[in-house]
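Chain and residue survey
Given next are the chains, with one letter for each unit.
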Amino acid sequence: MKYAELNVSPEIRRAVEAMGFTEMTEVQEKAIPLMMAGHDMIAKAPTGTGKTCAFGIPVIERIQKEKKVPQAVILAPTRELAQQIAAELQNLCQFMPEVRIACLYGGANMQRQAEKLQKGCQIIVATPGRLMDHYKRRTIDVSAVETVVLDEADEMLNMGFYKDVRHIIDLMKNRKSLSMFSATISREVMDIGWLYQHDAAEVTVQPKLESMPKIAQYKLLTTNRDKLGDLAQLVIGEGYKRVMVFCNTKFTTATLCNQLARLNFSVDCLHGDLSQAERNRIMTRFREGQIAMLVATDVAARGIDVSDVDAVVNYDVPSENEHYTHRIGRTGRAKREGSSYLFYTKEEQRRVEDLLRLTGNTEDCLDVKFDFNHEHIVVQEKKTEDKFQIKMYF
């Protein structure tokens, strides 16, 4: 279905055209009419399927522009995702100067956010914690909010925001609709649905083969002593220009970043102890190619959307199974091809087997080893007629 066929305001049509969109994605075609009709909804859709426009267009269309009070609240699990959503909504509102959007997230100046709220806005995009901070300080009024959207609901509820989200929904006494967009339907998502939704419509979008990330997955048996050298040889030998490296703890993240810097790599790191200003500066440098390697924890990297990451390296075996899928999904975006590497030790072999089996990647993740005598990586692929296909890398 084309956007020209959608029953929306001329300003939205102009904005969508200016953004370069002509045809709706599946989740947009299914979700927009339901939300515009005021239905509660649970939408299960993979990342990168156009979910922001799917809920953004109905939210904007239902706004009463003359009223400068919050009428819609969109909750996101991380500050980065909140910023991305707010930016896309601004694009959708580019021909509606009377529609104002406030983005509330931790790490930014509370007073400046409060001043923006005081000037009046119709749409709030926020992380749960910062929205609660403003509510406690009485700098936000949610009494007129009718539309609530939870984006990346599974991530948000699994990150410990379950009670905050429930409290926020309870505060909105005039709420008329609640929609949740999620990559997976977790127990927490189902619980919120049972508690707050009424006859919710369900939308499910399966990943299309042509739009699925093209990620070559490899696993490398190493030792704690050799990890750093293996990582360095991998990046240099493959000539990767933009790499994300994931660690499980802030300490490992900072330590590895320092070690790579001493080896003259262009590197920086993201972890929970950094201020919002520092995070923004680092991400800007990474997006613009001023940093070749970004070392991060899972929490710090949530919501990061960089389309041209060459490779992802699991420097530590993920502590949670779903983290593996989220990590490797940082590469192979926007129809590009990418590579992911999983470093593990002998002691972690059983854990890796279980991880790959439970995430459905057992057949896709191929063994890789360094051959230092010939200075290349040998990848042992699937058996074909009892013979191994060997792929040479360096």
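Residues numbered from 1 in each chain as written. Predicted model: local features only at pLDDT ≥ 70, side-chain atom pairs only at ≥ 80, totals over all residues. Heavy atoms only, no water.

1. Observations regarding the packing of helix α4 (residues 79-92) against helix α11 (residues 276-287)
The cut-off we apply is this: Angles here are taken between N-to-C directions and fall from 0 to 180 degrees, while the axes themselves are lines fitted to C-alpha atoms, restricted in helices to the stretch in contact. What counts as a helix is a DSSP run of H or I of at least four residues, what counts as a strand is a run of E of at least two, and both are numbered from the N terminus. Note on angle classes: values under 35 degrees are labelled roughly parallel, values over 145 roughly antiparallel, values of 65 to 115 roughly perpendicular, and the remainder oblique. Two helices that cross are described as forming a left-handed crossing if the nearer one is turned anticlockwise from the farther one by less than a right angle, and a right-handed crossing if clockwise. Contacts between residues were defined by any pair of non-hydrogen atoms, one from each residue, lying within 4.5 Å. Note that Gly is not counted as nonpolar here; it falls among the polar residues with everything else outside the nonpolar set of Ala, Val, Leu, Ile, Met, Phe, Trp, Tyr, Cys and Pro and the charged set of Asp, Glu, Lys and Arg.
Packing of α4 against α11 brings their axes to within 12 Å, and their N-to-C directions diverge by 65 degrees. Here α4 lies roughly perpendicular to α11, going by the angle between them. The crossing of α4 and α11 is right-handed. The residues of α11 that touch α4, namely those facing Arg-79, Glu-80, Gln-83 and Gln-84, are Gln-276, Arg-279, Asn-280 and Arg-287. Partitioning the contact of α4 with α11 into residue classes produces no nonpolar, four polar and four charged.

2. Observations concerning the side chain of Asp-298
Selection rule: The buried label goes to any residue with under 20% of its type's maximum accessible area, the exposed label to any with over 50%, and the partly exposed label to all in between, with areas taken from a 1.4 Å probe on protein chains only.
Here Asp-298 is to be found in helix α12 (residues 298-301). Residue Asp-298 is classed as buried on the basis of its relative accessible area of 12%.

3. As for the confidence of the model for the chain
Here is the rule: Along the chain, pLDDT gives the predictor's confidence residue by residue, from 0 to 100.
Mean pLDDT over the chain stands at 85; residues scoring 70 or higher make up 90%. Segment residues 372-394 is flagged for pLDDT under 50; beyond a separation of four residues in sequence, or across chains, it makes 53 contacts in the model.

4. Concerning the pairing of strand β6 (residues 177-182)
To be explicit about the condition: Strand pairing is assigned whenever DSSP detects at least two bridges linking the two strands. For crossovers, right-handed means that the path from the first strand over the helix to the second runs clockwise, given strands pointing away from the viewer.
Burial within β6 is extensive, with six of its six residues counted as buried. Both strand β1 (residues 41-44) and β6 contribute to a ladder of four bridges, which runs parallel. Bridge pairing links Ala-43 to Phe-181 in β6. Bridging between strand β5 (residues 147-151) and β6 involves five bridges; their strand directions are parallel. By the bridge assignment, Val-149 is partnered in β6 with Ser-179. In this region the chain leaves β5, passes through helix α7 (residues 153-171) and returns to the parallel neighbour β6; the handedness of that crossover is right-handed.

5. Some remarks on helix α2 (residues 26-36)
In plain terms, the rule: Here the arc refers to the set of directions running from the helix axis out to each C-beta atom.
Buried residues of α2: Val-27, Gln-28, Ala-31, Ile-32 and Met-35, and no others. Angularly, the buried residues of α2 cover 105 degrees about the axis, an arc narrow enough to put them on a single face. Two residues or fewer past α2, Gly-38 is found with a positive phi of approximately 90 degrees.

6. Some details on the nonpolar core
The test is simple: By convention a nonpolar core is built from buried Ala, Val, Leu, Ile, Met, Phe, Trp, Tyr and Cys residues, the set being connected through side-chain atoms within 4.5 Å.
Ile-57, Leu-89, Ile-123, Val-125 and Phe-181 are the most contacted members of the largest nonpolar core, which has 41 residues in total. Contributions of two or more residues to this core are made by α1 (10-18), α2, β1, α3 (51-61), β2 (72-75), α4, β3 (101-104) and β4 (123-126). Residues within four places of Ile-123 in sequence aside, it is in contact with Val-59, Ile-60, Ile-63, Ala-72, Ile-74, Leu-89, Val-99, Arg-100, Ile-101 and Ala-102. Counting residues in hydrophobic clusters, the runner-up holds 30 residues, among them Leu-75, Ala-102, Val-148 and Ile-192.

7. Considerations on the packing of aromatic side chains
Short version of the rule: Ring pairs shown here join Phe, Tyr and Trp side chains whose ring centres sit within 6.5 Å, with only the six-membered ring taken for Trp; geometry is labelled stacked below 30 degrees between planes, edge-to-face above 60, and tilted in between. We count a charge as sitting over a ring when the NZ of a lysine or the CZ of an arginine lies within 6 Å of the ring centre and within 35 degrees of the ring normal.
On inspection of all chains with the given rule, the structure shows four aromatic pairs. Chaining the aromatic ring pairs together yields one cluster made of Tyr-218, Tyr-240 and Tyr-341. The aromatic ring of Phe-95 is capped on one face by Arg-14, whose charged end is 3.8 Å from the ring centroid. Note that Lys-227 overlies the ring of Tyr-315, its terminal NZ or CZ placed 4.9 Å from the centroid.

8. So, the sheet that holds β4
Pairing between the strands of a sheet comes from backbone hydrogen bonds, and it takes one of two forms, parallel or antiparallel. Read from one edge of the open sheet, seven strands run β3-β4-β2-β5-β6-β1-β7, paired in parallel fashion. Sheet topology places β3 and β7 (201-204) at the edges, where each strand pairs with a single neighbour. Sheet twist, expressed as the average angle between the axes of neighbouring strands with direction ignored, equals 15 degrees. Sitting on the sheet, α2 is in contact with β1, β5, β6 and β7, with an inclination near 170 degrees to β7. Lying on the sheet, α4 is in contact with β2, β3, β4 and β5; it crosses β3 at an angle near 170 degrees.

9. Quick notes on the pattern of salt bridges
Condition: Any Lys or Arg side-chain nitrogen found within 4 Å of a carboxyl oxygen on Asp or Glu counts as a salt bridge.
One pass over the structure, following the stated rule, counts 14 salt bridges. Asp-367 is the salt-bridge partner of Lys-219, the closest N and O atoms lying 3.3 Å from each other. A residue pair is termed long-range when its members are at least 10 positions apart, and Lys-219 in strand β8 (residues 214-221) and Asp-367 in strand β14 (residues 365-371) qualify at 148 residues. When its relative accessible area of 33% is taken as the criterion, Asp-367 is described as partly exposed. Note that Asp-268 is salt-bridged to Arg-285, the shortest N-O span being 3.9 Å. Here Asp-268 is found in strand β10 (residues 267-270), whereas its partner Arg-285 is found in helix α11, with 17 residues between them in sequence. The buried category is assigned to Asp-268, whose relative accessible area is 15%.

10. Concerning the pairing of β2
Of the two faces of β2, the one lined by Ala-72 and Ile-74 and the one lined by Val-73 and Leu-75 are each fully buried. As paired strands, β2 and β5 are joined by four bridges and run parallel to one another. By the bridge assignment, Ile-74 is partnered in β5 with Val-149.

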